[in-house]
Amino acid sequence: MESIRIGNGYDVHALAAGLPLYLGGVRIESPVGCIAHSDGDVAIHALCDALLGALALGDIGKHFPDSSEEFKGIDSKILLRRTMELVRKEGYKVGNADITIAMQAPKLAPYIMQMRETLAEIMEVTASQVSVKATTTEKLGFVGRGEGCEVYAVVLVQR
């Protein structure tokens with residue numbers, strides 16, 4: 001019998017001038033980047049949380065604590081690879097992933113396909129199984145004021 005599970009992930013990071021911005025495994029040209037212990041890829045962090053949540057394996061902080069020197073400045077693509085090892089160990093594979101990035105600026109449309117392809121390669125699926133969408137918050141809240149970036153991710157995994 002096939003087992004299907006759904007996971008939901010959310011992450012948020014504050015933004016600061018002069019830091020690099022990584023989203024979905026892609027370096028984005030931007031005057032601001034995410035403040036974080038790792039490289040601050042908020043999209044990958046939300047995706048990892050969704051994958052871990054689908055299998056009731058805890059959250060990203062449990063597996064990759066921000067108090068650990070091992071993860072200081074780490075490329076978040078490595079975290080996603082390690083998360084996928086846990087998914088496969090449980091006997092699951094990704095059916096699809098849907099990611100929504102909320103950020104006022106910069107415009108992310110030019111990077112969407114590269115994000116989809118990068119994430120798909122790491123998860124060992126096709127880009128057609130990975131949706132990445134970008135939105136603004138119409139200048140409302142901390143995202144709208146350019147103070148932070150938030151990401152929602154949903155995944156379906158199947159055995």
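Residues numbered from 1 in each chain as written. Predicted model: local features only at pLDDT ≥ 70, side-chain atom pairs only at ≥ 80, totals over all residues. Heavy atoms only, no water.

- As recorded in an unreviewed UniProt entry, the chain goes by the name 2-C-methyl-D-erythritol 2,4-cyclodiphosphate synthase, listed as coming from Candidatus Cryptobacteroides faecigallinarum.
- Under the UniProt heading Catalytic activity (unreviewed entry), the entry covering the chain gives this text: "4-CDP-2-C-methyl-D-erythritol 2-phosphate = 2-C-methyl-D-erythritol 2,4-cyclic diphosphate + CMP".
- Turning to the chain, the UniProt record has this under Pathway (unreviewed entry): "Isoprenoid biosynthesis; isopentenyl diphosphate biosynthesis via DXP pathway; isopentenyl diphosphate from 1-deoxy-D-xylulose 5-phosphate: step 4/6." (UniProt positions renumbered as here; feature names shortened; annotations may be inferred.)

Describing the UniProt feature "site: Transition state stabilizer" (unreviewed entry) in the chain
(1) Moving on: Using the residue numbers shown here, the UniProt feature "site: Transition state stabilizer" (unreviewed entry) corresponds to His37 and Thr136. Over a stretch of 100 residues, the named residues are scattered through the fold, their C-alpha atoms separated by up to 24.9 Å. For the largest pocket, the lining residues drawn from the annotated set are His37.
(2) Moving on: Within the secondary structure layout, His37 lies in the loop between strand 4 (32–34) and helix 1 (42–54).
(3) Moving on: Setting aside residues no more than four positions away along its own chain, His37 makes contact with Pro65, Asp66, Ser68, Phe71, Lys72 and Gly73. (1 Å grid on protein atoms, 1.4 Å probe; cavity = no way out; pocket = protein on both sides within 12 Å on 5 of 7 lines; lining within 4 Å. Helix = DSSP H or I, 4+ residues; strand = E, 2+ residues; numbered from the N terminus. Contact = heavy atoms within 4.5 Å.)

Thoughts on the UniProt feature "domain: 2-C-methyl-D-erythritol 2,4-cyclodiphosphate synthase" (unreviewed entry) in the chain
(1) Moving on: Taking the numbering used here, the UniProt-annotated feature "domain: 2-C-methyl-D-erythritol 2,4-cyclodiphosphate synthase" (unreviewed entry) corresponds to residues 4–157.
(2) Moving on: Regarding residues 4–157, the helix share stands at 31% and the strand share at 32%, and the terminal C-alpha atoms are separated by 6 Å.

So, the sheet that holds strand 1 (residues 4–17)
(1) Moving on: The mixed open sheet is built from five strands, whose spatial order is 4-1-7-5-6. The strands lining the two open edges of the sheet, one partner per strand, are strand 4 and strand 6 (130–135). Across the sheet, the mean angle separating the axes of adjacent strands is 20° when strand polarity is ignored.
(2) Moving on: Sitting on the sheet, helix 1 is in contact with strand 1, strand 4, strand 5 (93–102) and strand 7 (148–158), with an inclination near 155° to strand 1. (Pairing = 2+ DSSP bridges. Axes fitted to C-alpha atoms, helices over the stretch in contact; angles between N-to-C directions.)

Regarding the layout of surface pockets
(1) Moving on: Estimates place the volume of the largest pocket at around 220 Å³.
(2) Moving on: What lines the largest pocket is Asp11, His13, Ala36, His37, Ser38, His45, Ile60, Gly61, Phe64, Asp66, Phe71 and Leu79.
(3) Moving on: At the level of secondary structure, the elements contributing two or more residues to the lining of the largest pocket comprise strand 1 and helix 2 (60–63).
(4) Moving on: A class-by-class count of the residues in the lining of the largest pocket yields five nonpolar, five polar and two charged. (Points joined across faces, edges and corners; volume = space filled by probe spheres on them. Nonpolar A, V, L, I, M, F, W, Y, C, P; charged D, E, K, R; others polar.)

Here we look at helix 3 (residues 76–89)
(1) Moving on: Counted at 1.5 Å a residue, the expected span for helix 3 with its 14 residues is 20 Å, and the 20 Å between its end C-alpha atoms agrees.
(2) Moving on: For helix 3, the set of buried residues is Ser76, Lys77, Leu79, Leu80, Thr83, Met84 and Val87. Looking down the long axis of helix 3, one finds its buried residues gathered within 150° of arc, a one-sided arrangement.
(3) Moving on: For helix 3, the elements touching its buried residues are helix 1, helix 2, strand 5 and helix 4 (112–123).
(4) Moving on: Between a side-chain oxygen at the N-terminus of helix 3 and the backbone nitrogen of Lys77 the separation is 2.8 Å; the capping residue is Asp75. (Expected span 1.5 Å × (residues − 1). Buried < 20%, exposed > 50% of the residue type's maximum accessible area, 1.4 Å probe, protein only. Arc of directions from axis to C-beta. Polar contact = N/O pair within 3.5 Å; in protein donor to acceptor, adjacent residues only side chain to side chain.)

Focus: the environment of Ala127
(1) Moving on: The residue Ala127 is located in the loop between helix 4 and strand 6 in this model.
(2) Moving on: Taking the relative accessible area as the measure of exposure, Ala127 reaches 18% and is therefore buried.
(3) Moving on: Between the alpha carbons of Ala127 and Gln114 there is a distance of 9.3 Å; along the sequence they are 13 residues apart.
(4) Moving on: Those residues in contact with Ala127 that sit more than four places away from it in its chain are Met113, Arg116, Glu117 and Ala120.

Details of the side chain of His45
(1) Moving on: Tracing the sequence through the fold places His45 in helix 1.
(2) Moving on: Given a relative accessible area of 6%, His45 falls into the buried group.
(3) Moving on: In this structure His45 touches Asp11, His13, Ser38, Asp39, Gly40, Ile60, Ser76 and Leu79, once residues within four positions along its chain are discounted.

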